[in-house]
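Each chain, letter by letter, is given below.
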Amino acid sequence: MATEPIILIADETLSVQAQLGEALGKGMSLVSAMNQEQLDYWIDQPERKPDLLVVDQSFVGQQLSRFCHYWKHDPQTRDIALIVMGPDDDEVEISSLGAGADAYLRKPLNSQLCRIRITQLLAARKELQRLESLSVTDGLTGIANRRYFDDFLRAEWLRSKREGGNIGLIMLDIDHFKAFNDQYGHLDGDHCLRKVAKAIKEQAQRPRDLVARFGGEEFAVVLPSIQFEGMKVVAERIQAALASLSIPHEASDTSPVVTVSMGLAWAEPSSADSMESLIEAADEALYAAKSSGRNRFSETVDLAAVRSLMTN
């Protein structure tokens, strides 16, 4: 079921919201931010992130160009359309558009022009999202593909580093999957991949969690802002979900049903670490789980502990 697009209005008064609400009519949800704290609140709501921001020039003052540039380059906000409202001034409009704003509305606002500009931007954003979803979705399993995984992990890594947060990564591999394909055929193998992907995705329950197909029979789960102890909890849920599927695997040397091995890694990103080091840590942990007998998950690898051992 389609939801109404959310338009966030950053203005120190409510008069503009009332005017835009009257001009746009029904079918859109308007919310307001009267200060930077309220603006940050809406941006940090992944399940209710706005589709478009209308920001008044006076809201950011002399930092307008810097604000626009930052907005259109930050991974957290760059996909949110940006309209600047300001005075009837060519220099301000050129500065806004040159810094990345998608449109400029001159005051006093023309209601009809506002409606046309906003409707056009929302339509363009919807089509862009449709096209992007095709390019970042794995065609077989319907979950995120490797390209999206790389972009998402990089954005969350930078976010965690900037905000002093943490991030977890689970790498999963279906045990003896080549033998499964040899036994049952590739069509059943594809069906197995789809069922496993769906089961894993159902266990990554928070809005910002991501499940992606890393390649072949390997999957990845990105868990932003998760406590160290929470990694094991998610791995246990995934293991239980796969066991409940009871997909027959007569060719397995590990179990009569399909199982997975998992490598767990966790980090509080710092300048001494890299996103690639988190992937490597999870991949090495996965190898250890497979070497220990498969159908299990590793201990959670803390990237800081690994760095300390290497330093010493």
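Residues numbered from 1 in each chain as written. Predicted model: local features only at pLDDT ≥ 70, side-chain atom pairs only at ≥ 80, totals over all residues. Heavy atoms only, no water.

Visitor: So what exactly am I meant to see when it comes to the layout of surface pockets here?
Guide: By rolling a water-sized probe across the atoms, one finds the places where empty space is left. A volume near 1,700 Å³ is recorded for the largest pocket. Lining the largest pocket are 43 residues, with Lys-49, Asp-79, Glu-132, Tyr-148 and Phe-152 positioned closest to its centre. The set of elements that each furnish at least two residues to the lining of the largest pocket consists of α6 (111-135), α7 (146-163) and β7 (210-215). Examining the composition of the lining of the largest pocket, we find that nine residues originate from one element, α7, more than from any other. Considering only residue class, the lining of the largest pocket consists of 19 nonpolar, six polar and 18 charged. (1 Å grid on protein atoms, 1.4 Å probe; cavity = no way out; pocket = protein on both sides within 12 Å on 5 of 7 lines; lining within 4 Å. Points joined across faces, edges and corners; volume = space filled by probe spheres on them. Helix = DSSP H or I, 4+ residues; strand = E, 2+ residues; numbered from the N terminus. Nonpolar A, V, L, I, M, F, W, Y, C, P; charged D, E, K, R; others polar.)

Visitor: What exactly am I supposed to notice about the packing of aromatic side chains here?
Guide: The way to describe two aromatic rings as a pair is by their centre distance and the angle between their planes. Tallied over the full model, the rule gives seven aromatic pairs. Each ring, one from Phe-67 and one from Trp-71, has its centre 5.7 Å from the other, and the planes form 25 degrees; the classification is stacked. Taken together, the residues span about one helical turn, with Phe-67 and Trp-71 both in helix α4 (residues 64-73) at a distance of four residues. As far as burial versus exposure is concerned, Phe-67 and Trp-71 are alike and both buried. Every member of this aromatic cluster is reached through a ring pair, and the members are Phe-177, Phe-180 and Tyr-184. Lying across the ring of Phe-214, Arg-146 places its NZ or CZ 3.9 Å from the centre. (Phe/Tyr/Trp six-rings, centres within 6.5 Å; stacked < 30°, edge-to-face > 60°. Buried < 20%, exposed > 50% of the residue type's maximum accessible area, 1.4 Å probe, protein only. Lys NZ or Arg CZ within 6 Å of the ring centre and 35° of its normal.)

Visitor: For this particular structure, what's the right way to read the packing of helix α8 (residues 177-184) against helix α9 (residues 186-203)?
Guide: Packed helix pairs are specified by the crossing angle of their axes together with the interaxial distance, meaning the distance between the axes. The contact between α8 and α9 brings their axes to 7 Å, and the two run at 135 degrees. As summarised for this structure, α8 and α9 are arranged oblique, according to the angle between their axes. Facing α8, whose interface residues are Phe-177, Phe-180, Asn-181 and Tyr-184, α9 presents His-186, Asp-188, Gly-189, Cys-192 and Leu-193. Tallied by class, residues from the contact of α8 with α9 come to five nonpolar, three polar and one charged. (Axes fitted to C-alpha atoms, helices over the stretch in contact; angles between N-to-C directions. Parallel < 35°, antiparallel > 145°, perpendicular 65-115°, else oblique. Contact = heavy atoms within 4.5 Å.)

Visitor: Explanation requested: the sheet that holds strand β2 (residues 29-33) in the structure shown.
Guide: Spatially, five strands are ordered β2-β1-β3-β4-β5 in an open sheet, and the strand pairing comes out parallel. If you trace the sheet from one side to the other, it starts and ends with β2 and β5 (103-106), each paired once. Each strand axis lies, on average, 20 degrees off the axis of its neighbour in the sheet, ignoring direction. Relative to β2, strand β1 (residues 6-10) runs parallel, the two sharing five bridges. Across the sheet, Leu-8 pairs through a bridge with Val-31, a residue of β2. Of the strands in this sheet, β1, β2 and β3 (52-56) touch helix α2 (residues 36-43), which is tilted by about 140 degrees from β2. The sheet strands contacting α6 are β1, β3, β4 (81-86) and β5, and the helix crosses β5 at an angle near 165 degrees. (Pairing = 2+ DSSP bridges.)

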